[in-house]
Amino acid sequence: MAAASISMLSNGDLTCSVKSHGTGRYASVYSEVQNSRLDHPLPLPCVLGTPFKVLDGPASSAAGHPEEIAKLFPCLYGQPSVSLVPDDSGDVAMNQSLKIGVVLSGGQAPGGHNVISGIFDYLQTHCKGSTVYGFRGGPAGIMKGKYVVLTPEFIYPYRNQGGFDMICSGRDKIETPEQFKQAEETVKKLDLDGLVVIGGDDSNTNACLLAENFRSKNMKTRVIGCPKTIDGDLKSKEVPVSFGFDTACKIYAEMIGNVMIDARSTGKYYHFVRLMGRSASHITLECALQTHPNITLIGEEVFAKKLTLKNVADYIADVVCKRAESGYNYGVILIPEGLIDFIPEVQQLIAELNEILAHDVVDEAGVWKKKLTPQCIELFDLLPLAIQEQLLLERDPHGNVQVAKIETEKMLIQMVETELDQRKQKGAYSAQFKGQSHFFGYEGRCGLPSNFDSTYCYALGYGAGALLQSGKTGLISSVGNLAAPVEEWTVGGTALTALMDVERRHGKFKPVIKKAMVELEGAPFKKFASNREEWALNNRYINPGPIQFVGPVANKVNHTLLLELGVDA
């Protein structure tokens with residue numbers, strides 16, 4: 001059991017000490033802002049405050065290769081997504097005591113603590129006598145049986161706070177027969193009625209595999225997912241946004257705005273800012289809409305236009321030259337961290353490297369290199385040595401190249417410098433180019449969640465509790481109609497198999513939730529594209545400043561979500 005003590009210091013700051021399983025774990029002294037967020041009110045969609053029933057939709061399919069997904073998930077495939085609707089008859093049995101486990105999986109995202117708070121509060125209100133177990137350290141906590149019983153005193157200091165430190169997270173996956181057996185033993189030991197997996201696309205794929213496994217063995221433990229990732233690439237028509245995206249983009253936008261003021265003040269630097277977003281450019285696009293940089297590279301557009309590395313460098317150099325003609329020898333350029341993986345020629349190189357490194361190790365003799373196709377060998381040899389080494393780094397747990405460690409912004413600075421030097425020799429450029437590199441990454445993952453993320457996460461958790469009480473499994477908690485007031489938000493659950501496709505990883509095809517990419521015909525990209533030429537040649541910089549929790553813009557939702565919902569941002 002866990003014990004928590006909360007005390008006020010003389011300066012009004014809150015100190016929270018938490019001890020669990022005999023190991024001391026102490027939260028930092030809270031600032032006045034953190035303290036004020038603890039009791040920030042969280043409104044709920046009206047449907048969660050009244051008796052409701054669960055309404056099944058039509059049978060679902062899959063995002064791709066439905067025949068393969070059907071084979072992999074015979075117990076779950078085709079089940080309908082559901083919605084919660086008011087119902088005075090009260091189909092859902094109230095005050096039914098449940099035992100529920102919660103786990104945080106993957107990288108942190110602002111708002112995760114509020115998902116847990118929402119689950120806990122739903123059960124406290126609607127399922128008196130329920131017990132909530134928090135598995136420590138991510139999925140490994142399930143396999144190893146490491147958990148803490150959550151209580152009101154334990155949860156309170158984490159309400160509306162950033163990070164995942166309430167129970168901590170991890171990137172382990174439950175994949176092998178032995179790991180599934182360990183998970184089965186844990187949920188049987190705790191007699192769990194349900195498990196909520198709070199994570200991204202890979203984590204929710206794992207949640208679906210667990211749900212399938214438990215159902216195939218007629219176990220009573222049901223599994224519900226919650227959509228988490230600051231990258232914004234876990235979404236669909238029914239799951240409009242992943243939590244953490246709103247907060248992270250606002251944090252990055254503040255830093256970009258600061259860099260813009262620096263650029264304008266010194267008048268001599270081009271700031272190349274690489275932003276999180278391994279597989280999609282949603283963060284980069286949203287930050288561009290919030291701050292109006294001179295150049296924004298969108299990976300999906302680069303891929304669609306089949307641009308080469310030289311094409312990209314030439315485009316940047318063109319803008320630099322045009323701005324120099326107006327006396328502007330400075331600027332700000334946004335780059336998604338996964339850009340290099342969107343360039344077709346580099347994408348082919350990475351695909352071949354992934355296949356080779358799945359079976360071989362990099363040796364000094366270079367035997368592995370001979371397995372590349374001739375065009376990939378030529379490209380590899382053209383890359384700077386530092387980039388070559390970064391491309392050969394150990395893959396992540398999913399077999400992906402670790403793009404966060406590839407310093408694309410530094411590579412582009414070198415390439416643009418080379419191109420501008422050549423133009424100088426031809427008399428096409430006479431100014432001085434100085435590049436400054438930045439990578440804004442983990443800084444955005446654990447900030448205090450915005451009002452939107454705080455409320456959205458609480459509703460997701462509350463909805464997850466309702467789905468479990470209703471006997472559902474293999475769904476991801478979904479909250480919609482997000483452009484409306486919170487009271488009008490809709491709540492339901494989307495079939496996880498409906499979001500899935502198959503993907504090649506570690507040399508094998510595996511099921512995975514299909515990533516949502518930036519749509520070049522979508523409203524957010526179209527708005528950006530209609531303004532980028534103006535932003536490129538003129539200084540239309542916006543510095544949005546830090547996240548506001550009170551005041552006229554405190555409840556403003558990010559541009560991407562509003563534009564996708566048909567609201568002009």
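Structure shown above.
Residues numbered from 1 in each chain as written. Predicted model: local features only at pLDDT ≥ 70, side-chain atom pairs only at ≥ 80, totals over all residues. Heavy atoms only, no water.

A. Focus on helix H7 (residues 201–216). Between the first and last C-alpha of H7 there are 22 Å, a value that for 16 residues agrees with the 22 Å anticipated at 1.5 Å per step. In the segment just after H7, Asn218 is the residue with positive phi, at about 55 degrees. (Helix = DSSP H or I, 4+ residues; strand = E, 2+ residues; numbered from the N terminus. Expected span 1.5 Å × (residues − 1).)

B. Structural detail: the side chain of His113. Inspection of the secondary structure puts His113 in helix H3 (residues 112–126). From its side chain, His113 meets the backbone oxygen of Gln161 in a polar contact 3.4 Å long. Of note is the side chain of His113, whose polar atom sits 3.3 Å from the backbone oxygen of Gly163. If near-sequence neighbours (up to four positions away) are discounted, His113 is found in contact with Tyr158, Gln161, Gly162, Gly163, Phe164, Asp165 and Met166. (Polar contact = N/O pair within 3.5 Å; in protein donor to acceptor, adjacent residues only side chain to side chain. Contact = heavy atoms within 4.5 Å.)

C. Summary view of the nonpolar core. Ranked by internal contacts, the top residues of the largest apolar core, which has 85 residues, are Leu150 and Tyr252. Take this core: its biggest share by element is 11 residues, from helix H17 (residues 451–469). What Leu150 contacts, discounting residues up to four positions off in sequence, is Val102, Ile116, Phe120, Val132, Gly134, Ile155 and Ile167. Counting 43 residues, the second largest nonpolar core, distinct from the first, contains Ile295, Trp368, Leu379 and Leu412. (Core = buried A, V, L, I, M, F, W, Y, C linked by side-chain atoms within 4.5 Å. Buried < 20%, exposed > 50% of the residue type's maximum accessible area, 1.4 Å probe, protein only.)

D. Region of interest: the side chain of His559. Within the element layout of this structure, His559 appears in helix H19 (residues 559–564). Apart from the residues within four sequence positions on either side, His559 is in contact with Glu286, Leu289, Gln290 and Ala569.

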